[in-house]
Amino acid sequence: MDLIYRYDPFAPIETVHVETAESAMHELVSGNDRFVGIVQRMQQRTMGAAAGEPIIVPFSPLMMGLPLFKGALPQQSPFAAILGCSDARVPLEQIFDQSFNKLFVLRIAGNVLGAECLGSLHYAVTQLQDSLKLVGVLGHSKCGAVTAAVDAYLSVTEFADIASTYPLRSLLDQIQISVRGAARAIERQEGPGIRKSPDFRTLLVTASVYVNAAVTAHELRRELHLQGSGPEVVFGVYDLETLHVQGYPTVGGDHTSQPRMRPAPKDAHGLTTYADEVAKAVMAASRELDAESVG
Ligand SMILES: [Zn+2]
């Protein structure tokens, strides 16, 4: 299988123009689809499938947001700002198949919204408003920061080590509200007895990742809309196994029937409703897995 980046100086240059929040979202989702498509084809090749036609990616400095001639200075013009996790497995440009100058990127463990983070996003939204049409938050499955926050929530004694490290504690404290929200949502679905289940920790980590992305998006939307209006804020979660960005936990491997990125909840009620939907999907996926292992 050949993946060819081809630069033809005489070919017409096709740059993507993103004029609205909707087209920015479309560009992110279709970029994730391109990324998934290429990786899936490589995986199939590894398993012995035929190499098939080469994938040819038209390529030029201008399409990459780089100067076409030596010495020219590109103007910063991202179409979206994305806040993601520092996890080395979650490089935002690659996941959304975007080149230089397309995304204004912030990465911090657990994709939490600190003051510096918010300052950077304020800068992007006010100074780059000609090009920037969308602000997004991306969580990811198996997030170490969220897992640590879940462990701190479930076992206060183990939390003692972390509690003595102020910066780390500050990070986990910010995720705690999401973990508590996810735990209550799972309890509303299943009853308080679910806490005794051996799977509860795993279920809670999965649900908390989604709720945490929603909570950050909600906070971000509130901060950016203080003056009454602001950019559209969306959120999603990157699944490390399927490589898909999705708005809900996957049930039965179906990635197509659900929104890929969702609008940030506007209020506490929206957050609770979303947490309930996530808890429902997490439990449904878990029951499906159980059924498969029994079958
Ligand atoms: Zn993470």
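These numbers were taken from a predicted model, which means no experiment stands behind them. The residue numbering used here restarts from 1 in each chain and proceeds along that chain's sequence as written. Given that this is a predicted model, residues contribute local features only at a pLDDT of at least 70 and side-chain atom pairs are listed and counted only at 80 or more, while totals for whole chains, interfaces and linings are drawn from all residues. Side-chain figures throughout are based on the complete set of non-hydrogen atoms in the structure, without hydrogens or water.

### Notes on the packing of aromatic side chains
- To pair, rings of Phe, Tyr and Trp, with the six-membered ring standing in for Trp, must have centres within 6.5 Å; the planes then decide the type, stacked if under 30 degrees apart, edge-to-face if over 60, and tilted in the middle. Taken as a whole and judged by the stated rule, the model has four aromatic pairs.
- An angle of 70° between the planes, with centres 5.6 Å apart, marks the rings of Y5 and F59 as edge-to-face. In this pair, Y5 is assigned in strand β1 (residues 3–6) and F59 in the loop between β2 (55–58) and β3 (80–84), connecting sequence segments 54 residues apart.
- The cut-offs for exposure are 20% and 50% of the maximum accessible area for each residue type, with area from a 1.4 Å probe on protein chains only; residues under the lower value are buried, those over the upper are exposed, and the others partly exposed. Taking the relative accessible area as the measure of exposure, F59 reaches 32% and is therefore partly exposed.
- One aromatic cluster is present, formed by F235, Y248 and Y274 through successive ring pairs. Only DSSP runs of H or I with at least four residues qualify as helices, and only runs of E with at least two residues qualify as strands; both kinds are numbered from the N terminus onward.

### Thoughts on helix α6 (residues 166–190)
- Here α6 is 25 residues long and its end C-alpha atoms lie 35 Å apart, about the 36 Å a rise of 1.5 Å per residue gives.
- Each residue is assigned a bend, namely the angle between axes fitted to the seven residues that terminate at it and the seven residues that start at it. Largest kink in α6: about 35°, centred on I175.
- All of the buried residues along α6 are L171, L172, I175, Q176, S178, V179, A182, A183, A185 and I186.
- In the stretch just after α6, G191 is the one whose phi turns positive, near 90°. Multiplying 1.5 Å by the residue count of a helix minus one yields the expected span of that helix.

### Section: the coordination of the zinc ion
- Protein ligation of the zinc ion involves C85 (SG), H140 (NE2) and C143 (SG), the donor distances falling in the range 2.1 to 2.3 Å.
- Think of the donor list as every N, O and S atom within 2.8 Å of the metal, or within 3.2 Å for Na, K and Ca; water never makes the list, so a site can look incomplete. Expressed as a motif, the donor residue spacing for the zinc ion is C-x54-H-x2-C. Of this pair, C85 sits in the loop between β3 and α2 (92–95) while H140 sits in strand β5 (residues 134–140), and the two are 55 residues apart along the sequence.
- By relative accessible area, which is 4% here, C85 ends up buried.
- Given a relative accessible area of 1%, H140 falls into the buried group.

### Considerations on the side chain of D239
- Here D239 shows up in the loop between β6 (232–238) and β7 (245–246).
- Residues adjacent in sequence count toward polar contacts only when both atoms are side-chain atoms; beyond that, a polar contact is any pair of N or O atoms within 3.5 Å, and within protein one must be able to donate a hydrogen and the other to accept it. In this structure the side chain of D239 is engaged in a polar contact, spanning 2.8 Å, whose partner is the backbone nitrogen of E241.
- A polar side-chain atom of D239 sits 3.2 Å from the main-chain amide nitrogen of T242.
- Contact between two residues is taken to exist if any of their heavy atoms lie within 4.5 Å; hydrogens are not considered. Setting aside residues up to four positions removed in sequence, D239 forms contacts with S141, H244, Q246 and T250.

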